[in-house]
Amino acid sequence: MSDSYPSRSLSSTISERLARGIMACTPEENAAIRAVTNRLLLDISGLCLAARDQTYVRAALDSLDGDGPCTVIGFSRKLTAEGAAFVNGIASHGEDFDDTYEGGPVHAGVVIIPALLAAAERHQLSGADLLRGVAVGLEVMCRLCKVAPMRVHKAGFHPTAIFGVMGAVAGIGAALRLSEEEFVHAFGIAGSMAGGIIEYLADGSWTKRMHPGWAAQSGYRAVRLAQGGFVGPRTVFEGHHGLFHGFANTLDGNFEAMLDGFGTQWLCPTIAFKPYACGTMSHPYIDCGRAFRARNIDPEQIATIEAETAEGIVHRLWEPLAMKQSPPNGYAAKFSTPYAIAAGILKGDAGLGEYDEAVVKDPAMTRLAGKVSYIIDPANPYPNQFTGHLRVTLKNGDVHEHRQACFKGGAEHPLSDDDIQRKFIANCVYGGLTAASAQQMADVMTGLLDQARVDLSGLPV
């Protein structure tokens, strides 16, 4: 049997061009990239703590047999690199309180941070290596969103799952200094590891929680296979049977939009951080609801609530409308804009507690959510910008209206460093740490980029 490589085209493939861009870039020189990496390290580790006692995290941890040198945040048990990336990816995304790139949307940090922390511990990498890997991984995930906007979601797949495995390959490969040939084969291999359908929307089941962890561990495995000489298709992105044909139903992707400016014009510093524990596109509607609460409008006097929305989010956050008005469980409520609006008006927040089962089943919440309907605004700027609008009609005929032009936490209205710190401490306390232990954890996470060798041994459990 021959072990020779497949024949090559004279023109460069997308994976070859991307590999060269990764090898040439210098993200460590960019202060904004360092800042967003530190924010992500803090935010994601806090989210892991917040979720550590949840059944889905325990199930993920208990499903793995192989122990190793890599940290599972919030636990004393250590796992292999793949195992740690898998569990930390699940834990950090599980409550849907994580980062979002608005141009996707895609959750880059919850794939890339778990993948790179695991690789850094396994291969004894420096903080500088970690920074390089995180930056490249984030950037590739963000830029993949430009190739065929909204098509992956429309095809029934979760972009974080599909693009995440490619971002993990890019980030781990950058940190480990792969050659161009190794990058190309790792991308090619990873194309056969991508996957993640969005059927969880039908009943609030848990598979979306698994997607970032699966992508993170698969990216690591693809890199290791490529380092060992395993061969993957060079045209994995643009090929007739490639990633975008398979997961976006198109061969007309705009790959130049992905590659133009790579390494010089960075998108990842615009990654958004969530103030609410639910689907990002619902956030501006929560703010609209809170605005009505601040006006002291009596919820019992509300007759109807009409929202203008983007066509691109209807199938995930608005339909089927009857189910979104009365979600079957707390996780399903995270992907219901009618419920989010009710939370904003009745609770004035949409944090972890507002998605507890008892709160979701509160008759007052379902009664108000049942008054919410929507109309599609054809001029809505989604996915480049997330907006909100509510028109509340009272039983006496009075009409009140409010618009939210941007997503708080996003590029136009970013959370401050103090906001991120407060969120981190609150998540750690929710997960059982004292405030003092949470601060100890913050000190470890925000010091990683300056270490000669990444060391997570000081994390509290």
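Residues numbered from 1 in each chain as written. Predicted model: local features only at pLDDT ≥ 70, side-chain atom pairs only at ≥ 80, totals over all residues. Heavy atoms only, no water.

### Considering the pattern of salt bridges
A pair can form between side chains of opposite charge whenever their charged atoms are brought close. Taken as a whole and judged by the stated rule, the model has 24 salt bridges. Put simply, R17 and E256 hold a salt bridge, and the shortest N to O gap is 2.8 Å. Within this pair, whereas R17 is found in helix 1 (residues 14–24), its partner E256 is found in helix 12 (residues 255–259), the two being separated by 239 residues in sequence. What emerges from the salt-bridge pattern is a single network uniting E306, E308, R391, E401 and R403. (Salt bridge = Lys/Arg side-chain N within 4 Å of Asp/Glu carboxyl O. Helix = DSSP H or I, 4+ residues; strand = E, 2+ residues; numbered from the N terminus.)

### Looking at the nonpolar core
Counting residues in each nonpolar core, the largest one holds 114 residues, and the members touching the most others are I22, F187, F237 and F244. Here this core takes 11 residues from helix 8 (residues 159–176), the largest share from any one element. Not counting chain neighbours up to four residues away, the residues in contact with F244 comprise L144, V147, A148, F163, F237, N249, T250 and F255. Within the second largest apolar cluster, 44 residues are counted, among which are L201, C278, Y331 and Y374. (Core = buried A, V, L, I, M, F, W, Y, C linked by side-chain atoms within 4.5 Å. Buried < 20%, exposed > 50% of the residue type's maximum accessible area, 1.4 Å probe, protein only. Contact = heavy atoms within 4.5 Å.)

### Observations regarding unusual backbone geometry
Cis geometry marks the peptide bond from G104 to P105; its omega dihedral reads 0 degrees. Relative to the elements of secondary structure, P105 occurs in the loop between helix 4 (81–93) and helix 5 (109–122). In the segment running from Y382 into P383, the intervening peptide bond is cis, with an omega of 10 degrees. The phi angle at R177 is positive, at roughly 60 degrees, despite the residue not being glycine. With respect to the helices, strands and loops of the structure, R177 is situated in the loop between helix 8 and helix 9 (180–190). For N249, which is not glycine, the phi torsion reads 55 degrees and is therefore positive. Inspection of the secondary structure assignment puts N249 in the loop between helix 11 (243–248) and helix 12. Judged by relative accessible area, N249 falls into the exposed class, the value being 55%.

### Observations regarding the sheet that holds strand 4 (residues 372–376)
Read from one edge to the other, the open sheet built from four strands follows the order 4-3-5-6, with strand pairing classed as mixed. Strands at the two margins of the open sheet, each flanked by one partner only, are strand 4 and strand 6 (399–404). In this sheet, neighbouring strand axes are inclined to one another by 20 degrees on average, regardless of whether the strands run parallel or antiparallel. The sheet contact formed by strand 3 (residues 302–309) and strand 4 spans five bridges and is parallel. Note on strand 4: the bridge partner recorded for A307 is Y374. Lying on the sheet, helix 13 (residues 283–294) is in contact with strand 3, strand 5 (388–394) and strand 6; it crosses strand 5 at an angle near 35 degrees. In the packing of helix 17 (residues 337–346) onto the sheet, the strands contacted are strand 3, strand 4 and strand 5, and the crossing angle to strand 3 comes to about 125 degrees. (Pairing = 2+ DSSP bridges. Axes fitted to C-alpha atoms, helices over the stretch in contact; angles between N-to-C directions.)

### Observations concerning the environment of R391
Tracing the backbone through its elements, the reader meets R391 in strand 5. Apart from the residues within four sequence positions on either side, R391 is in contact with T304, I305, E306, E308, V399, H400 and E401. Here the side chain of R391 touches E306 through a polar contact of 2.5 Å, side chain to side chain. A distance of 3.0 Å separates a polar atom in the side chain of R391 from a polar atom in the side chain of E401. (Polar contact = N/O pair within 3.5 Å; in protein donor to acceptor, adjacent residues only side chain to side chain.)

Remember, this is a structural readout, not a statement about activity or role.
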